[in-house]
Amino acid sequence: MSTKQVLITGSPEHVQTLAKVFEAAGIEQVTESQLGRRASEVNYYVQLGVTVPARGKTIVQRVHSFLDDGLLDRFATAERVLPMLADDAVVLLVAGNLPAEMAAPDDRVARLSLLRVLAHAMRADLSPRRVRIRVITSARSDEEIAAFATGGGKDPWAELPGLEPARGADDPDSGAGYDDWRIQVLGLAQIEF
């Protein structure tokens with residue numbers, strides 16, 4: 001039986017401490033560059049947040065840089081990782097991108113919503129594979145994060161009040177629904193914001 005592997009991205013300091021918890025559970029940490037050199041698949045992918053330095057003179061500029069350098073950069077990272085995931089992998093998107101200084105407004109619900117958008121997009125791209133993707137809060141300890149990865153379950157602290165998940169959003173057997181959704185999204189000629 002081969003050793004299970006975890007890929008952890010995000011804040012380097014947090015990556016190191018979380019990797020030790022996975023290692024204690026017998027799960028080997030790998031990096032993106034290691035995976036690029038060998039043919040293997042990741043069983044667990046944990047995407048942690050990073051501290052984003054505030055840039056800009058106005059609040060709009062600071063929020064723009066926070067979104068661009070933090071939350072939206074997580075989409076690019078996920079795109080690179082998708083081909084590395086095993087068919088039955090577990091993905092945890094851990095909230096935690098915060099402005100380095102609180103001169104920029106913060107909206108926890110909006111941040112969690114953007115992570116949910118990322119989770120849905122990943123599910124659509126991975127369909128019909130049985131990858132399980134969860135959003136969890138940064139309030140969880142490293143031990144709790146590893147337990148969510150290896151044992152499953154939802155983080156009730158990450159649930160958004162008043163928002164129902166999309167059909168099949170947390171169901172690994174819902175691949176067919178995401179196939180249809182992916183076709184619809186990729187077929188859109190224009191998206192308005």
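Residues numbered from 1 in each chain as written. Predicted model: local features only at pLDDT ≥ 70, side-chain atom pairs only at ≥ 80, totals over all residues. Heavy atoms only, no water.

## Remarks on the packing of helix H3 (residues 59-81) against helix H4 (residues 108-126)
What counts, and what does not: Every angle, taken between N-to-C directions, lies between 0 and 180 degrees, and every axis is a line fitted to C-alpha atoms, over only the stretch in contact when it is a helix. Every helix listed is a DSSP run of H or I at least four residues long, and every strand listed is a run of E at least two residues long, numbered separately from the N terminus. Put simply, angles under 35 degrees are roughly parallel, angles over 145 are roughly antiparallel, angles from 65 to 115 are roughly perpendicular, and the rest are oblique. Working rule for handedness: look at the near helix, and if it is turned counterclockwise from the far one by less than a right angle, call the crossing left-handed; if clockwise, right-handed. The contact rule is simple, with two residues in contact once any of their heavy atoms fall within 4.5 Å. Gly is put with the polar residues, along with every residue not named as nonpolar or charged; the nonpolar set is Ala, Val, Leu, Ile, Met, Phe, Trp, Tyr, Cys and Pro, and the charged set is Asp, Glu, Lys and Arg.
It is the contact of H3 with H4, at a shortest axis distance of 10 Å, that shows an interaxial angle of 20°. Classified by the angle between their axes, H3 and H4 sit roughly parallel to one another. Relative to H4, the crossing made by H3 is right-handed. Here Phe66, Leu67, Leu71, Arg74, Phe75 and Ala78 of H3 come into contact with H4, specifically with Arg111, Leu114, Leu115, Val117, Leu118 and Met122. Of the residues that constitute the contact of H3 with H4, the class distribution is ten nonpolar, no polar and two charged.

## Regarding the packing of aromatic side chains
The condition is simple: Each aromatic pair joins two rings of Phe, Tyr and Trp (for Trp, the six-membered one) with centres within 6.5 Å, and gets the label stacked for planes under 30 degrees apart, edge-to-face for over 60, and tilted for any other angle. Relative accessibility decides the category of a residue: with a 1.4 Å probe and only protein chains considered, values under 20% of the type maximum give buried, values over 50% give exposed, and everything between is partly exposed.
Applying the stated rule across the entire model yields one aromatic pair. Residues phenylalanine 22 and tyrosine 44 carry aromatic rings whose centres are separated by 6.2 Å and whose planes lie at 40° to one another, so their mutual orientation is tilted. Linking phenylalanine 22 in helix H1 (residues 12-24) with tyrosine 44 in strand E3 (residues 42-47), this pair joins segments that are 22 residues apart in sequence. With respect to burial, phenylalanine 22 and tyrosine 44 carry one shared label: buried.

## Digging into the confidence of the model for the protein chain
Rules: Per-residue confidence from the predictor is given as pLDDT, running between 0 and 100.
Here the protein chain shows a mean pLDDT of 79. Residues at 70 or above account for 73%. Note that residues 162-176 has pLDDT below 50 and, in this model, 21 contacts with residues that lie over four places away or in other chains. With pLDDT under 50 throughout, residues 189-193 is counted as low confidence; its partners more than four residues away or in other chains account for zero contacts.

## Things to note about the pairing of strand E7 (residues 132-136)
Put simply, the test is: Pairing between strands is defined by DSSP: at least two bridges between the two strands are required.
With respect to burial, E7 is a largely interior element, four of its five residues being buried. Where strand E5 (residues 85-94) and E7 come together, five bridges link them in parallel fashion. Within E7, the residue paired with valine 91 across the bridge is isoleucine 133.

## Describing helix H5 (residues 142-151)
Because an α-helix completes one turn every 3.6 residues, residues spaced three or four positions apart along the sequence face the same direction. What counts here: For this quantity, the arc is that covered by the directions from the helix axis to the C-beta atoms.
Of all the positions in H5, only Asp142, Ile145, Ala146, Phe148 and Ala149 are classed as buried. Viewed end-on, H5 has its buried residues packed into an arc of 155°, placing them on one side of the element. Of the residues in H5, the exposed ones pointing more than 90 degrees away from the buried face are Glu143 and Gly151. Looking at the packing, one finds that the buried side of H5 touches H1, E3, E5 and E7. Taken from the residues just after H5, glycine 152 is the one with a positive phi, measuring 85°.

## A few points about the sheet that holds E5
Note: strands within a sheet are paired through backbone hydrogen bonds, in either parallel or antiparallel orientation. Taken in spatial order, the five strands of this open sheet run E2-E1-E3-E5-E7, and their pairing is parallel. Because the sheet does not close on itself, it has two edges, and the strands there are strand E2 (28-30) and E7. Neighbouring strand axes in the sheet, compared pairwise and without regard to direction, differ in orientation by 20° on average. Along the sheet, H1 contacts strand E1 (5-9), E2 and E3; its crossing angle with E1, the most-contacted strand, is approximately 165°. Against the sheet, H3 contacts E1, E3 and E5, and its axis sits at roughly 175° relative to E3.

## With respect to the side chain of asparagine 43
Cut-off, in case you're wondering: The definition of a polar contact used here is a pair of N or O atoms within 3.5 Å, where within protein one atom must be able to donate a hydrogen and the other to accept one, and adjacent residues in sequence count solely through side-chain atom pairs.
Along the chain, asparagine 43 falls in strand E3. The exposure class of asparagine 43 is buried, given its relative accessible area of 18%. Looking at asparagine 43, its side chain comes within polar contact range of the main-chain nitrogen of glutamine 5, at 2.7 Å. Not counting chain neighbours up to four residues away, the residues in contact with asparagine 43 comprise Thr3, Lys4, Gln5, Ala86, Ala89 and Val90.

## Some remarks on H1
Rule in force here: Here a helix's expected span is defined as the number of its residues, less one, multiplied by 1.5 Å.
A rise of 1.5 Å per residue sets the reference length of H1, with its 13 residues, at 18 Å; its end C-alpha atoms lie 19 Å apart and thus fit the reference within 8%. Within H1, the full set of buried residues consists of Val15, Leu18, Ala19, Val21 and Phe22. Buried residues of H1 fall within an arc of 160° about the axis and therefore sit on the same side. Exposed positions of H1 whose direction lies more than 90 degrees from the buried face are Glu13, Gln16, Lys20, Glu23 and Ala24. Residue glycine 26 follows H1 closely and has a positive phi angle near 85°.

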